[in-house]
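# Observations on the three-dimensional arrangement
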Amino acid sequence: MSSSTESKMAMAKTVVSSIGSVVAASMVVRSVARDYLPSEFQDYLYYGFRNFINKFFRQLTVVIYEFDGIQENDIYNAATLYLGSRISTKTHRIKINKNTSEENINIAMEIKDEFVDIFNGVKFKWSLVCKEQPTIKYHNYNNGGSTSRSDQRSLELTFHRKHKDLALNEYLSFILNDAKTRKREDKTVKIFTTQYETEWTSVNLDHPAKFATLAMDIDVKERVMKDLDRFVERREYYRKVGKAWKRGYLLSGPPGTGKSSLVAAMANYLNFDIYDLELTDIRSNSDLRRLLVTTANRSIVVVEDIDCSAELHDREDAKEVVRENDQYQEYRVTLSGFLNFIDGLWSSCGDERIIIFTTNRKDKLDPALLRPGRMDVHINMSYCTQSGFRLLASNYLGITQHSLFEQIEDLIGEAEVTPAEAIPIYHPATFATLAMDTDVKEKVMKDLDRFVERREYYRKVGKAWKRGYLLYGPPGTGKSSLVAAMANYLNFDIYDLELTDIRSNAELRRLLVTTANRSILVVEDIDCSAELHDREEVVRDNGKQEEYRVTLSGFLNFIDGLWSSCGDERIIVFTTNRKEKLDPALLRAGRMDVHINMSYCTPSGFRLLASNYLGITQHDLFEEIEDLIGEAEVTPAEVAEQLLQEDDPDIALGGLIEFFDVKRKQNEETKAKAKDLAAKEIEKSEIVRESV
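A quick note: this is a predicted structure, and the numbers were derived from the prediction, not measured.

### Concerning the packing of helix H20 (residues 603-614) against helix H22 (residues 636-644)
- Running from N to C, H20 and H22 point in directions that differ by 35°, and their axes come no closer than 10 Å. The two elements H20 and H22 meet at a crossing, and its hand is right-handed. Where H20 approaches H22, its residues Phe 606, Leu 609, Ala 610, Tyr 613 and Leu 614 are matched on the opposing element by Pro 636, Val 639, Ala 640, Leu 643 and Leu 644.
- Broken down by class, the residue content of the contact of H20 with H22 amounts to 10 nonpolar, no polar and no charged.

### Digging into the sheet that holds strand S18 (residues 466-472)
- The sheet built from 5 strands is open, its strands ordered S19-S20-S23-S18-S24 with parallel pairing. Every interior strand has two partners, whereas the edge strands, strand S19 (493-496) and strand S24 (594-597), have only one. Taken over all neighbouring pairs, the strand axes of this sheet differ in orientation by 20° on average, direction set aside.
- One ladder, built from 4 bridges, connects S18 with S24; its direction is parallel. Following the sheet pairing, Tyr 469 is matched in S24 by Val 594.
- Contacting S18, strand S23 (570-576) and S24, helix H14 (residues 438-452) crosses the sheet at an angle of about 165° to S18.

### A word on the packing of H22 against helix H23 (residues 649-691)
- Their axes nearest at 9 Å, the elements H22 and H23 cross at an angle of 140°. Regarding the angle of H22 to H23, the classification is oblique. Both H22 and H23 take part in a crossing whose hand is right-handed. Note on element contacts: H23 touches H22 through Ala 652, Leu 653, Gly 655, Leu 656, Phe 659, Phe 660 and Lys 663, opposite Glu 638, Val 639, Gln 642 and Leu 643.
- For the contact of H22 with H23, the per-class residue count stands at 7 nonpolar, 2 polar and 2 charged.

### Quick look at the pattern of salt bridges
- Applying the stated criterion across every chain, the model contains 19 salt bridges.
- One salt bridge connects Asp 287 with Arg 290, and the closest N-O pair in it is separated by 2.2 Å. Here Arg 290 and Asp 287 lie together in helix H8 (residues 285-293), a separation of 3 residues that amounts to about one turn.
- Between Arg 467 and Asp 447 there is a salt bridge, and its shortest N-O distance comes to 2.8 Å. With Arg 467 in strand S18 and Asp 447 in helix H14, this residue pair connects regions lying 20 residues apart in the sequence.
- Its relative accessible area of 16% is what places Asp 447 among the buried residues.

What counts and what doesn't
Residues numbered from 1 in each chain as written. Predicted model: local features only at pLDDT ≥ 70, side-chain atom pairs only at ≥ 80, totals over all residues. Heavy atoms only, no water. Axes fitted to C-alpha atoms, helices over the stretch in contact; angles between N-to-C directions. Helix = DSSP H or I, 4+ residues; strand = E, 2+ residues; numbered from the N terminus. Left-handed = near helix turned anticlockwise from the far one by under 90°. Contact = heavy atoms within 4.5 Å. Nonpolar A, V, L, I, M, F, W, Y, C, P; charged D, E, K, R; others polar. Pairing = 2+ DSSP bridges. Parallel < 35°, antiparallel > 145°, perpendicular 65-115°, else oblique. Salt bridge = Lys/Arg side-chain N within 4 Å of Asp/Glu carboxyl O. Buried < 20%, exposed > 50% of the residue type's maximum accessible area, 1.4 Å probe, protein only.

This is the structure in structure tokens:
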């Protein structure tokens, strides 16, 4: 053996011996560290060593955990759905499952498996990791139950460091959007109903109704579909004009004309869930709000037979208590509370919502329910027509022509049969977007600015740092929108106070002291709230005493008495349609400091609406419209609804002029009838006087 070979072997032995010594020493150090070093110091050494090693590698790993605390991680869920759709033939193991409420089988990666994805020519390697951890129990406050977890799952995304921006800014965004699209495509439409008054429970909606099979006039169907398409495409438009992204429909007509089928067809067309709201099952306005805030976006809220639901047909008699068979019975939901649900402050708690009301008797509904902004689209579900009959014949008999068709079509108009009867034969708001006079808006903003800057002034003069506003005017003049604009302008929270839900003055005080500073307290429709038009605290009826929930004296104490000083920088806003109904004690300065008349739409208000909705600041028809607007007596909500009908300014403004002309004639007829009625009353009183 040559000397060079011997020297190489000696060197190899030395290297192996050195490696063995290093390994042995590291094992001893590791054993000593485990036994004697604190766990925190061990972690410090481990992460320091790992960071040192990572400096020599070009790969970056992003860890996406399944849960962030007790909340699910949307990126993890989206990536799981995305990877399940990208499983290739090179994948060795997959996990599948199917829930009873789902039609399709779900495919996902299995633990310790890997998958390589290509995005924009860049390789991204995914792996699913699961680590054991001490069992942790979580209490579910929604249903009172609890869950436990003993493992921690995560997805690890590995890629070259130079592609970090691509991965974080484009790749993950692409995955989130892809998962959102897949969820919508695979979604099973559900219908929800209430349980325990304030909770929803659901089942799959298997209703087969579609617009193609709906026995309605083609023109009406196309109008509805066009309106729905227009609605879902206008998210940014609604934000721009300061309106909640919602749409209201009123379906009216005799029983059996297909109202429920149209609702199902709309849900299937949009792939929206349905929330079936039974108002007679709801105990109070507060319960209604709790239900509303738990409904999902992209949904349809349905109130069927609204003419029979609660006491919503009479504002005058919307008192808190009525006598029925000598027993007191509470109204479950008041009209003011329901109107707030439709287009008040609470209507903006969610996006892309459709609210549908059905009724057999449109004439029974309170006019306040019918205006644009609440029921935007009115659809008359009429008796079966000739085109409806032909569609039913095609659906149920599979024929498009027959020798008897002409005779049937001649008879169908006289018979007045519904499609159901024919079926057995076949089956966010700002001041900038607010449609108010510029002078009024500037007055409000200046008053708000002056109020928030005067803390020391209020302390100096010994007054509670608060300000009261009264907003009064007809429905649809923008009272709720003004409140929202004030809150956005000041960045104040809103406390919506429903007096009919408060049992006593003491409960009112307890609520008041828990409200935060820099906030707005709102009492909507105060003319309908509690018994504030009567200063007596107790009324005697048949020898029994009945306390009002909130008395006038207690309410006045809330506004400017001792309890009003429990907090700083507060604004109290009252709204009413009937200022004359309020007790004079409520109206004085110090209680309602600023009175704002929310009038009908003015020329300046119209110009702002035209700018918001049509994107124009001048047009040849503006002068004619401004001449008509005073006589028409229309609200900003009515003008906005007309401008929503068309994108073409010429068509939209022409339609608005026609609408004004119709309103003007209606106003003249109403005034003439009122004049005749007044004359008859005078004549009647004179006859009575002469007889006396």
